[in-house]
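Fold and contact review
One-letter residues, chain by chain:
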Amino acid sequence: MARQRKPLSVDHSHHKYAKKITHHTEKKNSKVSYWRRGVMIICLAIAGCIGYMGYLETRVNTPFDDQKMVVKTGLAAPDVYWGSYRPGVYFGLKTRDPYSLVSGLMWYFTRHIGADGGGIRHWCEQGDNLDRYGWIEHNGKNFGIQEIQDGPFLITTSFVKRLGGDHGGDWTARIGVTSKDQRLEGEQISFLVYTAVEEKSKGWIKPERVGSHMITGVRGETEGLGPFSIKMFSNVGKVLHESYLSTSAMGLHLLKETVINSLRLATDKQTGKKWISLPGELNSRGPDGKTIEPNFIVTQVTGSVPFEIDVVFESSSVLDHREILRGDVYSKELQKWRDEFHHSFEEKFQLQSKGYSEKEIKFAAAAFSNLLGGIGYFYGSSRVESSHTRGPVPYWKAALYTAVPSRSFFPRGFLWDEGFHGLLISSWDIDMELDIICHWFDLMNIEGWIPREQILGQEALSKVPEEFVTQRNTNGNPPTFFITLSFILKKFGHTLHENGRLDTLERLFPRLQAWFDWFNVTQIGDMPGTYRWRGRDGTTNRELNPKTLTSGLDDYPRASHPNLDERHVDLRCWIALAANTLADLAKLLSRNEQKYVNTFQYLSNNNILDDLHWSPLSQSYSDYGLHTDMVELKKPPPSRSHSHHPAQTAEKIRVVLKDPELRFVDSTFGYVSLFPFLLQLLQPDSPKLGKVLEDIRRPGLLWTEYGLRSLAKSSPLYMKWNTEHDPPYWRAPIWINMNYLVVRALKHYSELEGPYQQKSLMLYNDLRKNLVKNIMKEYYRTGYLWEQYNDKTGEGQGSRPFTGWSALVVLLMAEIY
Ligand SMILES: *[C@@H]1O[C@H](CO)[C@@H](O)[C@H](O)[C@H]1NC(C)=O
């Protein structure tokens, strides 16, 4: 285990101390008294302690001590240097550099803009209430097309990259607007195309206008990009007005605010018409009175619908710019990529040959493309905490290349989501997925821990409420990357010898071992063979059932009184899956797999599993712990000492009506009860499998026409609020990641000889059909894939677009598991 190597600081402190002592003792050797020696020993103990405490303190933010996973990034990987790596904005491009040049788009309709800048679109905000938006085609590398329905107007953004030169090549973005409603032709829209350099990206930009026909563009140079230029051309429609802003913005998270503060009403000298316009150069001065160089340039072009512009980025290191990538040249190139996309999409997912209609395939392509187009590149440091640090400390600065659950609501990396995303991404491009895995595992610390939510950089940080920022090193999250890896081994094992993939897995192996150990050691339960999620609050009386955020299933009910006796069936199954995957990987890499084989055999032994987790009373798998169902949220009685606070403002607290006892937590049938089946640990002839299958289909529990709900209708906490402010989250709604695992398990058991083979097949067909039908219906009804689906109506709810794991619908359609 690589963790046994101590960081330098420890050896160092011991070393320093030892030297001092030798020096001291040599000099006064003869006179050292008994007394002195005693003092020295105490000093030694104290210094040792301080050194050791310092060592413990630094462990949480000390990187894992082994070769780095990411070996090629930045300009060393030119084909993925530029990309739409800013998932949180409607349209933006940047490079895979710690500090990048970023470009992006804002827009507004003249008749919609408010005096406070309301109506300007920039970040993907749910509050903008757009009818739909998302990438409808995107290959993760060279091109993408996005449609944005803003009221009656359809805005289309696309980009195409062209490799060449030594700095990541060129690209062109096309931004256009149309409307189906003839009466809206002539409606004025302003596109604000901007370029910004981050403070530390070591470069400059300045506005530049070449020739009289062209719109103000940008010239500049950065360390990564070398010299470059950005030019703009109008394609369709006439530019009614053009203005620009060149200034210094206080940060990437404040670009829109900077624009709003600069907009003003100007009068056209020739026509006398008034325009909302940008003021040109707007120099700010630093505290020393010197002008601050501009780092933010915005060009506003106003036109009337239909209207379209091309934005052309050219790197000076590309020598041949004879044929500018714009107009017809661009259209042709874009079409070439689109054709190639559809060809690959069919080759990978075979939806056409499965008989899906054009409309159904369009839906699948959009779901999938918005996942790929949502891949971001982030840089910064998380904030972490351990029991040895005094408060939160920064993690080391690191880069993360990752997909995101939701471009609007969760535009950053989430550990357990990413394992599900990995199934889709590796189906498309296994090297892209390995790259993502490499980035994630470089975030592992020396303890083998990976923080579960990655909030890296200014843009990401500004979207997260303060109380969620700090991550604790005692807290885990389902290790779903093991699902991705077992999927990769099963599906693509024959291709792993190509392209340096085995080298990647070799580098990954020690990190996976450390990750496994972290779970197997820190999340262990009190009884042998049991596991317990850390991070539950056993002291609160605010929550009806203290949340288990670490399990990924947030408010899914567990033992009502968290304590050391608790054991969690889902966690035990995750660890079994992890051991099994490591055993397979060890075999592939010709390493000793025995330890993992043994652990897997032990954890998948159905008799031991049943002893620990099968409730004889409810005849279902369940957690075990100190539990009572008899809890309620109530307003506390008015108390005298707080008589100056009116009683009704006091928050509801939990009242326990019957004392909890040690027992199976078996009144809460739902996703957690399915885990031994879900992760395929049950023997195909186990009667328990038969019972699980019966319960899946039993009316009134989990089955709905739209998929399996998270918690049985019969459970006391079904649809219950956890506090006055926390509506039910995993207490009824239908979640697609779990449903995907159920469908996958049904498929598995339908292919194994046994008494439940037929039943599995039947359920497989029905559940899969229900899910696909509903997610697609909701997409066409609302314009989005959703975070979850209502168990009574099937309606999408929660955040949107949620083309993270809800995009697994594509694999359901393709029957890829
Ligand atoms: C996991 O932990 C158990 C209990 O401590 C131990 O017996 C087992 O060997 C561990 N598994 C591995 C693969 O390290």
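Residues numbered from 1 in each chain as written. Predicted model: local features only at pLDDT ≥ 70, side-chain atom pairs only at ≥ 80, totals over all residues. Heavy atoms only, no water.

Moving on to the nonpolar core. Counting 208 residues, the largest nonpolar core has Phe345, Phe441 and Phe677 as its most contacted members. Examining the composition of this core, we find that 13 residues originate from one element, helix α11 (residues 569-588), more than from any other. Taken domain by domain, this core gets at least three of its residues from each of domain 1 (74-349) and domain 2 (371-638 + 650-814). Beyond its immediate chain neighbours, meaning those up to four positions away, Phe441 contacts Met69, Ile450, Phe481, Leu508, Arg511, Leu512 and Trp515. Counting residues in hydrophobic clusters, the runner-up holds 19 residues, among them Ile120, Ala196, Leu252 and Val259. (Core = buried A, V, L, I, M, F, W, Y, C linked by side-chain atoms within 4.5 Å. Buried < 20%, exposed > 50% of the residue type's maximum accessible area, 1.4 Å probe, protein only. Helix = DSSP H or I, 4+ residues; strand = E, 2+ residues; numbered from the N terminus. Domains from an automatic or database assignment. Contact = heavy atoms within 4.5 Å.)

If you check helix α4 (residues 327-349), its first and last C-alpha atoms are 33 Å apart, about what 23 residues at 1.5 Å a residue would give, namely 33 Å. Residues of α4 that are buried include every one of Gly327, Tyr330, Glu333, Leu334, Trp337, Phe341, Ser344, Phe345, Glu346 and Phe349, and no others. At the exit of α4 stands Gln350, carrying a positive phi of roughly 50 degrees. (Expected span 1.5 Å × (residues − 1).)

All residues adjacent to the ligand are Phe516, Asp517, Asn520, Ile524, Lys595, Tyr596 and Thr599. Side-chain polar atom of Thr599 to a nitrogen atom of the ligand: 2.9 Å apart, as the coordinates give it. Protein chains shield 56% of the accessible area of the ligand, which is 360 Å² for the free molecule. Those elements that provide at least two residues to the shell around the ligand are α10 (501-522) and α12 (594-604). Considered class by class, the residues forming the shell around the ligand number three nonpolar, two polar and two charged. (Near = heavy atom within 4 Å. Polar contact = N/O pair within 3.5 Å; in protein donor to acceptor, adjacent residues only side chain to side chain. Areas by Shrake-Rupley, 256 points an atom, 1.4 Å probe, with all protein chains shown as cover. Nonpolar A, V, L, I, M, F, W, Y, C, P; charged D, E, K, R; others polar.)

We now examine the sheet that holds strand β22 (residues 393-394). The strand order β22-β21-β26 describes an open sheet built from three strands, whose pairing is mixed. Bordering the open sheet on either side are β22 and β26 (470-472), each of which pairs with just one other strand. With two bridges joining them, strand β21 (residues 383-385) and β22 adopt antiparallel strand pairing. Along β22, the bridge assignment pairs Arg383 with Pro394. (Pairing = 2+ DSSP bridges.)

Quick look at the confidence of the model for the protein now. Predicted confidence across the protein gives a mean pLDDT of 92, with 94% of residues reaching 70 or more. Within the model, pLDDT remains below 50 along residues 1-28, and this stretch shows 24 contacts once partners closer than five positions in the same chain are excluded. (pLDDT = per-residue confidence, 0-100.)

This part takes up the pattern of salt bridges. Going through the model one piece at a time under the given rule, you end up with 49 salt bridges. Between Glu566 and Arg536 there is a salt bridge; the shortest N-O distance is 2.5 Å. Linking Glu566 in the loop between α10 and α11 with Arg536 in the loop between α10 and α11, this pair joins segments that are 30 residues apart in sequence. Neither residue differs from the other here; Glu566 and Arg536 are each classed as buried. With a shortest N-O distance of 2.8 Å, Glu778 and Arg781 are connected by a salt bridge. (Salt bridge = Lys/Arg side-chain N within 4 Å of Asp/Glu carboxyl O.)

According to the domain assignment, the protein consists of domain 1 (74-349) and domain 2 (371-638 + 650-814). One C-alpha centre belongs to domain 1, the other to domain 2; they are set 38 Å apart. Between domain 1 and domain 2, the residue contacts involve 39 residues of the former and 35 residues of the latter. Across the interface of domain 1 and domain 2, roughly 3100 Å² is buried in total on both sides, 55% from carbon and sulfur atoms. If you sort the residues of domain 1 by the area they bury against domain 2, Pro87, Gln126 and Phe349 come out on top, with a joint share of 23%. (Buried area = accessible area lost by both parts, 1.4 Å probe.)

This part covers the environment of Val102. Position of Val102 among the secondary structure elements: in strand β3 (residues 101-109). What Val102 contacts, discounting residues up to four positions off in sequence, is Arg86, Leu93, Lys94, Tyr194, Thr195, Ala196 and Leu252.

Looking now at the environment of Gly804. Locating Gly804 in the fold gives a position in the loop between β36 (796-797) and α18 (809-814). Classification of Gly804 as buried rests on a relative accessible area of 0%. Linking Gly804 and Gly422, residues 382 residues apart in sequence, is a C-alpha distance of 10.0 Å.

As summarised here, the arrangement of the seven strands in space is β1-β2-β3-β8-β18-β12-β15, forming an open sheet in which the pairing is mixed. What marks the edges here is a single partner per strand, and that holds for β1 (82-83) and β15 (280-281). Where helix α3 (residues 255-262) meets the sheet, its contacts fall on β3, β8 (188-197), β12 (239-247) and β18 (296-304), and the angle it forms with β18 comes to roughly 65 degrees. (Axes fitted to C-alpha atoms, helices over the stretch in contact; angles between N-to-C directions.)

Note the cis peptide between Val305 and Pro306, where omega equals -5 degrees. Note that the residue after Arg800, namely Pro801, is joined by a cis bond; omega there is -10 degrees. Residue position: Pro801 is located in the loop between β36 and α18. In the Ramachandran plot, Asp554 falls in the positive-phi region, its phi being about 25 degrees despite a non-glycine side chain. As for its position among the elements, Asp554 is in the loop between α10 and α11.

Here we take up helix α16 (residues 736-750). Along its 15 residues, α16 runs 21 Å from first to last C-alpha, staying within 8% of the 21 Å computed at 1.5 Å per residue. For α16, the buried fraction is high: 13 of the 15 residues fall into the buried class.

Moving on, we come to the packing of aromatic side chains. Summed over the entire model, instances satisfying the criterion amount to 54 aromatic pairs. Both rings, one in Phe487 and one in Phe492, keep their centres 6.2 Å apart while their planes meet at 75 degrees; by these two values the pair is edge-to-face. Taking relative accessible area as the criterion, Phe487 reaches 3% and is therefore assigned buried. Taking 6.2 Å as the distance between ring centres and 75 degrees as the angle between the ring planes, the aromatic pair formed by Tyr671 and Trp730 counts as edge-to-face. Here Tyr671 is found in the loop between β32 (661-665) and α14 (675-678), whereas its partner Trp730 is found in the loop between β34 (707-708) and α16, with 59 residues between them in sequence. Comparing Tyr671 with Trp730 shows no difference in burial state: the two are buried. (Phe/Tyr/Trp six-rings, centres within 6.5 Å; stacked < 30°, edge-to-face > 60°.)

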